[in-house]
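These are the residues of each chain, in order.
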Amino acid sequence: MKILTCPAQLQRLEGILRKSLPLALPVFGAVLNINRGNPGQYEVLVDKWPDFGAVLARPSGEVASGDMGHCRRGVTRCPSRCQVCSELPWLDLWVLGDTGEHWGWAWGMLGAGLGYWAHWKQGFGLAPGVRLGSLSPSHVDLLNDTWPYGGNARSRRYLAELLGRFPQVCLQDSSGQPVAWVLTDHFGTGTHSYTLPEHRRHGHMQVALTVAAQRAHALGFPTFG
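Residues numbered from 1 in each chain as written. Predicted model: local features only at pLDDT ≥ 70, side-chain atom pairs only at ≥ 80, totals over all residues. Heavy atoms only, no water.

As annotated in an unreviewed UniProt entry, the chain is Glycine N-acyltransferase-like protein from Cinclus mexicanus. According to UniProt, the comment filed for the chain under the heading Sequence similarities (unreviewed entry) is "Belongs to the glycine N-acyltransferase family." (UniProt positions renumbered as here; feature names shortened; annotations may be inferred.)

Structure representation (structure tokens):
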């Protein structure tokens with residue numbers, strides 16, 4: 001596998017993957033982040049360049065292992081002949097140009113995101129006493145306690161990394177306490193969206209998701225959900 005470090009090659013890869021949306025979504029967000037300052041310190045690899053058949057995004061400089069599989073994603077055109085597929089069977093790998101469930105999964109994500117365009121055009125309003133704010137490192141324990149995959153030291157480190165490196169949206173009450181929030185990850189996707197139980201059924205998550213989608217779209221990220 002070849003690690004792409006040349007800015008021109010990375011920009012070209014972004015353009016190629018954009019034309020393969022929505023099926024390139026698993027790695028496209030990581031490439032976008034790399035080309036926009038690389039806050040997650042990721043790298044992208046291809047089996048060959050420029051006529052690549054597989055693309056892999058992973059933490060920069062780390063040796064691949066099954067324990068970190070959730071931090072690596074790839075797409076391939078020919079899974080039966082892909083070296084990545086045979087060497088890294090635990091990798092989250094999707095097929096470009098495939099049919100069936102891959103199409104349904106990807107178009108479902110895109111379709112859900114397109115629904116937010118209607119909210120953008122109609123506008124949205126915050127509930128009384130609620131304002132837009134941001135999360136701080138001091139909120140990591142709250143996030144870890146409310147995340148379905150949280151509650152342990154590993155998840156806490158992961159959420160702290162997201163807080164420190166990637167965009168997030170938080171709605172706060174009049175005292176500045178979090179009410180609802182949306183986090184994004186290394187792949188430009190939402191990873192922990194939550195509304196505190198006592199503040200539910202007031203449209204807070206719709207507002208948070210809409211704001212997050214607007215901000216991501218302004219940076220060139222595709223809208224999906």
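Trainee: Can you break down unusual backbone geometry residue by residue, with the values?
Mentor: Apart from glycine, the bulk of residues carry a negative phi angle, and the bulk of peptide bonds sit in the trans form. In this structure, the amide linkage connecting W49 to the following residue, P50, adopts the cis form with an omega of 5°. Among the structural elements, P50 can be located in the loop between β2 (42–46) and β3 (54–59). In this model, Q41 sits at a positive phi of 55°, which is unusual for a non-glycine residue. Along the chain, the position of Q41 falls in the loop between α2 (25–34) and β2. (Helix = DSSP H or I, 4+ residues; strand = E, 2+ residues; numbered from the N terminus.)

Trainee: I'd like a rundown of α2, residues and numbers included.
Mentor: Of all ten residues in α2, ten are buried, a share of seventy percent or more. Within the sequence span of α2, burial applies to L25, P26, V27, F28, G29, A30, V31, L32, N33 and I34. (Buried < 20%, exposed > 50% of the residue type's maximum accessible area, 1.4 Å probe, protein only.)

Trainee: Please give an account of the confidence of the model for the chain that cites residues and values.
Mentor: Averaged over the chain, the pLDDT score is 78; the fraction of residues at 70 or greater is 71%. When the elements of the chain are averaged for pLDDT, helix α4 (residues 101–122) gives the smallest value, 38, and helix α5 (residues 140–146) the largest, 97. In this model residues 84–118 is a low-confidence stretch, pLDDT under 50, and it forms 68 contacts with partners more than four residues away in sequence or in other chains. (pLDDT = per-residue confidence, 0-100. Contact = heavy atoms within 4.5 Å.)

Trainee: How would you sum up helix α1 (residues 7–19)? Please name residues and give values.
Mentor: An ideal rise of 1.5 Å per residue puts 18 Å on 13 residues; α1 measures up with 19 Å between its terminal C-alpha atoms. All buried positions along α1 are accounted for by L10, L13, E14 and L17. Along the axis of α1, the buried positions cluster into a sector of 105°, meaning they face one direction only. Along α1, the residues that are exposed and aim more than 90 degrees away from the buried face are A8 and K19. At its buried positions, α1 is contacted by β1 (2–4), α2, β2 and β3. (Expected span 1.5 Å × (residues − 1). Arc of directions from axis to C-beta.)

Trainee: Mind laying out the packing of aromatic side chains, listing which residues take part and the relevant values?
Mentor: Inspection of every chain in the model, using the stated rule, returns five aromatic pairs. Aromatic side chains Y42 and F187 sit 5.6 Å apart centroid to centroid with 90° between the ring planes, which places their arrangement in the edge-to-face category. In this pair, Y42 is assigned in strand β2 and F187 in the loop between β8 (178–184) and β9 (190–195), connecting sequence segments 145 residues apart. When sorted by exposure, Y42 lands in the same class as F187, which is buried. Aromatic rings pair up to connect W147, Y149 and Y158 into one cluster. Above the plane of the ring of Y194 lies R200, whose end atom (NZ or CZ) is 5.1 Å from the centre. (Phe/Tyr/Trp six-rings, centres within 6.5 Å; stacked < 30°, edge-to-face > 60°. Lys NZ or Arg CZ within 6 Å of the ring centre and 35° of its normal.)

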